[in-house]
Amino acid sequence: MLAEMSERTESRKQRAARRAGEFPPVPEPLPRPVLDSHTHLDITVSEAGAPPRPPAAEQPGSAGSADDPVAAAIEVAAGVGVDRLVQVGVDVGSSRWSADAADRYPAVLATVALHPNEAPRLADLDEALRQIETLAARDRVRGIGETGMDFFRTGDEGRAAQEESFRAHVAIAKRYGKALVIHDRDAHADVLRVLDDEGAPDTVVLHCFSGDADFARECVRRGYLLSFAGTVTFGSAGALRAAAALTPLDQILVETDAPYLTPMPHRGRPNASYLIPLTVRSLAATTGADLDELCAAISATGDRVFGPW
C-alpha cells in the first residue's frame, strides 16, 4: 500500500512538472547522430509545450518556429545529434495524428496501434482495429505499436481483450511487413507466448525494455531489438543495466517515451528527444562500448528497422 501511495504521489509530481513545462537544460551533443525510437510529440507539446531552444537557435533567420512546438522540439533534438524520431500512436486518434505528423515533418516516422491498456476500454475493438489497419498501410507508418500486454494497470477482467488486440496487431504487422513495437509491463512470459503462438514478424522491438538479464537473453536469442529508455539511468535499475550489458550493439535502440521516463539527473521533469544523449552515454558506460561506436550502431539499427526516413 505504501509503495502504491508513493507511486501515485510521484505520478502527480511528474504530471505537474510536465504541465509546468520545466524542461531540463540541453545536454552536450553526441559525436554522431542517432534516433529516438519511441516518442510522443503530441503528448509532450500538449502537456509541456516545446523544449527551450539554445540561444544560438533563436537568432533571426534560423529555422524553427515559435508558433509550431512540434517543429521546435524536432529542431532542438537535431541540435544535439538526435536527427530522427519515431512518433508512436496509442489509440486511433493519436495514431492518426502520428501518421499525419510523419507526412508533415521529414525527421519523423510513425507507428500506429491501440495501447494494451486501451483495448479493454473500447466499446468496439474490431472497428478500432480496422481503423488502425487503414493507417498501417500509409508509407511513412513504419511500425505497428505500441501494442502488447500490461498486467500492471489492467486486471484479470481486461486481459482477454488485451490479448485479442495484441494478436490482431501481430497479424497487421505481418500483413504489411512492418516492425512490431511491443509494450510489455509485468507480462514477459505472456508476451513471448503470444509471439510464439502467432509467429513473430521479422522485426520485433521491445519498447522501454523492462526485463532482467534472463528475459533479455531470451529476447536476444530470438533476434528481437531491445529499446532502452531513461530508466536505464535510474539508480535502482541494476537489473536493467545487466540486461543492457549482455545485449549485442546491433540489437540496441534508445528512446525517450517522452514526455515520460526522463533520464537522470532530471527524473520527474518533462522528457523530450533532445535528452537522448544522457541515455546513450549511460548505455555506453554500461556496455563498455565506445560512444562513437554505440551511436553508429544505434543509427544503423534504426535505419534497418524503420528507415529510410
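Criteria and thresholds
- Residues numbered from 1 in each chain as written.
- Predicted model: local features only at pLDDT ≥ 70, side-chain atom pairs only at ≥ 80, totals over all residues.
- Heavy atoms only, no water.
- Salt bridge = Lys/Arg side-chain N within 4 Å of Asp/Glu carboxyl O.
- Helix = DSSP H or I, 4+ residues; strand = E, 2+ residues; numbered from the N terminus.
- 1 Å grid on protein atoms, 1.4 Å probe; cavity = no way out; pocket = protein on both sides within 12 Å on 5 of 7 lines; lining within 4 Å.
- Points joined across faces, edges and corners; volume = space filled by probe spheres on them.
- Nonpolar A, V, L, I, M, F, W, Y, C, P; charged D, E, K, R; others polar.
- Pairing = 2+ DSSP bridges.
- Axes fitted to C-alpha atoms, helices over the stretch in contact; angles between N-to-C directions.
- Buried < 20%, exposed > 50% of the residue type's maximum accessible area, 1.4 Å probe, protein only.
- Lys, Arg positive; Asp, Glu negative; His and termini not counted.
- Polar contact = N/O pair within 3.5 Å; in protein donor to acceptor, adjacent residues only side chain to side chain.
- Contact = heavy atoms within 4.5 Å.
- pLDDT = per-residue confidence, 0-100.
- Right-handed = clockwise from strand over helix to strand, strands pointing away.
- Core = buried A, V, L, I, M, F, W, Y, C linked by side-chain atoms within 4.5 Å.
- Phe/Tyr/Trp six-rings, centres within 6.5 Å; stacked < 30°, edge-to-face > 60°.
- Lys NZ or Arg CZ within 6 Å of the ring centre and 35° of its normal.

K.L.:
Whenever I open this one, the pattern of salt bridges confuses me. Can you help?
P.N.:
Once the charged atoms of two side chains with opposite charge are near each other, the side chains can pair. This model, assessed by the stated rule, comprises 20 salt bridges. The salt bridge involving glutamate 218 is made with arginine 222; its shortest N-O contact spans 2.8 Å.

K.L.:
Sorry if this is basic, but what is going on with the environment of glycine 145 here?
P.N.:
Inspection of the secondary structure puts glycine 145 in strand 4 (residues 141–150). Counting along the chain gives 107 residues from glycine 145 to histidine 38, while the straight-line C-alpha distance between them is 9.8 Å.

K.L.:
Just to check I follow, could you spell out the layout of surface pockets for this structure?
P.N.:
The probe, sized like a water molecule, is rolled over the atoms to show the empty space still left. Of the pockets and cavities examined, the second largest pocket occupies roughly 160 Å³. Taken together, 13 residues form the lining of the second largest pocket, with Arg142, Gly177, Lys178, Ala179 and Val305 sitting closest to its centre. Only strand 4, helix 6 (159–176) and helix 11 (291–306) provide two or more residues apiece to the lining of the second largest pocket. With three residues, the single largest contributor to the lining of the second largest pocket is helix 11. Taken together, the residues of the lining of the second largest pocket break down into six nonpolar, two polar and five charged.

K.L.:
Please clarify how the sheet that holds strand 6 (residues 204–206) should be interpreted in this entry.
P.N.:
Hydrogen bonding along the main chain pairs the strands of a sheet, whether they run parallel or antiparallel. If you walk across this open sheet you meet the eight strands as 1-2-3-4-5-6-7-8, and the pairing is parallel. A strand with exactly one partner marks an edge of an open sheet, and here the two such strands are strand 1 (34–39) and strand 8 (252–254). Within the sheet, the average angular offset between the axes of one strand and its neighbour, ignoring direction, is 30 degrees. Sheet topology places strand 2 (residues 82–88) next to strand 3 (residues 108–112); four bridges connect them, and they run parallel. Counted as the bridge partner of leucine 85 is valine 108 from strand 3.

K.L.:
How do you make sense of the side chain of aspartate 36 when you look at a structure like this?
P.N.:
Structurally, the position occupied by aspartate 36 is in strand 1. Look at aspartate 36: it is buried, it has no salt bridge, and the nearest opposite charge is arginine 84 at 11 Å. In terms of polar contacts, aspartate 36 uses its side chain to reach the side chain of threonine 256, at 2.6 Å. The contacts of aspartate 36, once residues within four sequence positions are left out, are Val82, Arg84, Leu85, Val86, Val254, Glu255, Thr256, Ser273 and Ile276.

K.L.:
Quick question: what am I supposed to make of the confidence of the model for the chain here?
P.N.:
Regions with low pLDDT carry predicted coordinates that are not meant to be interpreted in detail. When pLDDT is averaged along the chain, the result is 92; 89% of the residues meet or exceed 70. Low confidence marks residues 1–7, where pLDDT is under 50. Its contacts with residues over four positions away, or in another chain, come to three contacts. Considering only residues more than four positions removed or in separate chains, one finds that residues 58–64, a stretch of pLDDT under 50, has seven contacts.

K.L.:
Explanation requested: the pairing of strand 5 (residues 179–185) in the structure shown.
P.N.:
Consecutive side chains of a regular strand alternate in pointing toward one face of the sheet and then the other. Within strand 5, six of the seven residues are buried, which leaves the element mostly enclosed by the surrounding structure. For the handedness criterion, the β-α-β arrangement of strand 4, helix 6 and strand 5 is classed as right-handed. As paired elements, strand 5 and strand 6 share three bridges and run parallel to each other. Paired with valine 181 across the two strands is valine 205, which belongs to strand 6. Once you follow strand 5 into helix 7 (residues 188–198) and on to strand 6, the crossover reads as right-handed.

K.L.:
How do you make sense of the pairing of strand 2 when you look at a structure like this?
P.N.:
For strand 2, the buried fraction is high: six of the seven residues fall into the buried class. As paired strands, strand 1 and strand 2 are joined by four bridges and run parallel to one another. The residue of strand 2 that forms the bridge with valine 34 is valine 82.

K.L.:
What am I meant to see in the side chain of serine 299 here?
P.N.:
Position of serine 299 relative to the elements: it lies in helix 11. Looking at serine 299, the relative accessible area reads 14%, which means it is buried. Polar contacts involving the side chain of serine 299 include one to the side chain of arginine 84, which spans 2.7 Å. In this view, serine 299 contacts Pro33, Val34, Leu35 and Arg84; residues no more than four positions away in its chain are not counted.

K.L.:
Explain the nonpolar core here, please?
P.N.:
One recurring pattern in soluble globular proteins: nonpolar side chains tend to sit buried together. Core analysis: the largest hydrophobic core is formed by 87 residues, its most contacted members being Phe166, Leu195, Phe209, Phe228 and Phe306. Apart from the residues within four sequence positions on either side, phenylalanine 209 is in contact with Phe215, Ala216, Cys219, Leu226, Ser227, Phe228, Leu240 and Ala243.

K.L.:
What is the right way to read the packing of aromatic side chains from this model?
P.N.:
The geometry of an aromatic ring pair comes down to the distance between the two centres and the angle between the two planes. As enumerated under the stated definition, the model contains three aromatic pairs in all. Directly above the aromatic system of tryptophan 309 lies the positively charged group of arginine 84, at a separation of 5.7 Å from the ring centroid. A cation over a ring is seen here: arginine 159 above phenylalanine 151, with NZ or CZ 3.9 Å from the ring centre.

K.L.:
Could you clarify how one ought to interpret helix 2 (residues 41–48) in this entry?
P.N.:
The α-helix advances 3.6 residues per turn, and as a result positions three or four apart in sequence lie on the same side. The buried count for helix 2 comes to six of eight residues, which makes it a mostly enclosed element. Here helix 2 has its buried residues at Leu41, Asp42, Ile43, Thr44, Val45 and Ala48. Two residues or fewer after helix 2 comes glycine 49, characterised by a positive phi angle close to 80 degrees.

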